[in-house]
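# Understanding the architecture of this molecule
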Amino acid sequence: LLPETGAIAALEVAERLRLAIAEPHLRLEDGRCVNFTVSIGVTSLASPQDGIDDLLNRADQALYQAKHGGRNRVCLVEAEDEADKPDAR
């Protein structure tokens, strides 16, 4: 959670976090290297009427977009994106 942070700034923070997680390469005792990746879903509170369920659903959508897009990436789903879908409320 990033209070008082817009979607674009949150996207930048998430990307910096993704890069920081991917940077270290741990060397195991047998000489193999291990690295880590992360997929992150980002959204923002679109209006005061949004509930926590709305926010979490959009973040979950963004996470799955990141995973389906090849993993190790950050994706943003804004509230307007959800309204464009045929099954939206």
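For the structure, see preceding data.
What this report covers is the structure whose coordinates are included nearby. (Residues numbered from 1 in each chain as written. Predicted model: local features only at pLDDT ≥ 70, side-chain atom pairs only at ≥ 80, totals over all residues. Heavy atoms only, no water.)

Of the regular secondary structure elements, the protein holds three helices and four strands. Taken from N to C terminus, the helices and strands of the protein fall in the order α-β-β-β-α-β-α. When burial is assessed residue by residue, the protein has 24% of its 89 residues classed as buried. Taking all contacts inside the protein whose residues are at least 6 apart in sequence as the whole, residues at least 24 apart take part in 47%. Of the roughly 6,600 Å² that the protein leaves accessible, carbon and sulfur atoms contribute 53%. (Helix = DSSP H or I, 4+ residues; strand = E, 2+ residues; numbered from the N terminus. Buried < 20%, exposed > 50% of the residue type's maximum accessible area, 1.4 Å probe, protein only. Contact = heavy atoms within 4.5 Å. Areas by Shrake-Rupley, 256 points an atom, 1.4 Å probe, with all protein chains shown as cover.)

Let us now look at the pattern of salt bridges. Following the criterion strictly, the structure yields three salt bridges and no others. When the shortest N-O distance is used, the salt bridge between Arg18 and Glu15 registers 2.6 Å. With Arg18 and Glu15 both in helix α1 (residues 7–22) and three residues apart, this pair spans about one turn of that helix. Classification of Arg18 by relative accessible area gives buried; the value is 12%. With a relative accessible area of 26%, Glu15 lands in the partly exposed category. Among the ionic pairs, Asp30 bridges to Arg32, the shortest N-O distance being 2.7 Å. (Salt bridge = Lys/Arg side-chain N within 4 Å of Asp/Glu carboxyl O.)

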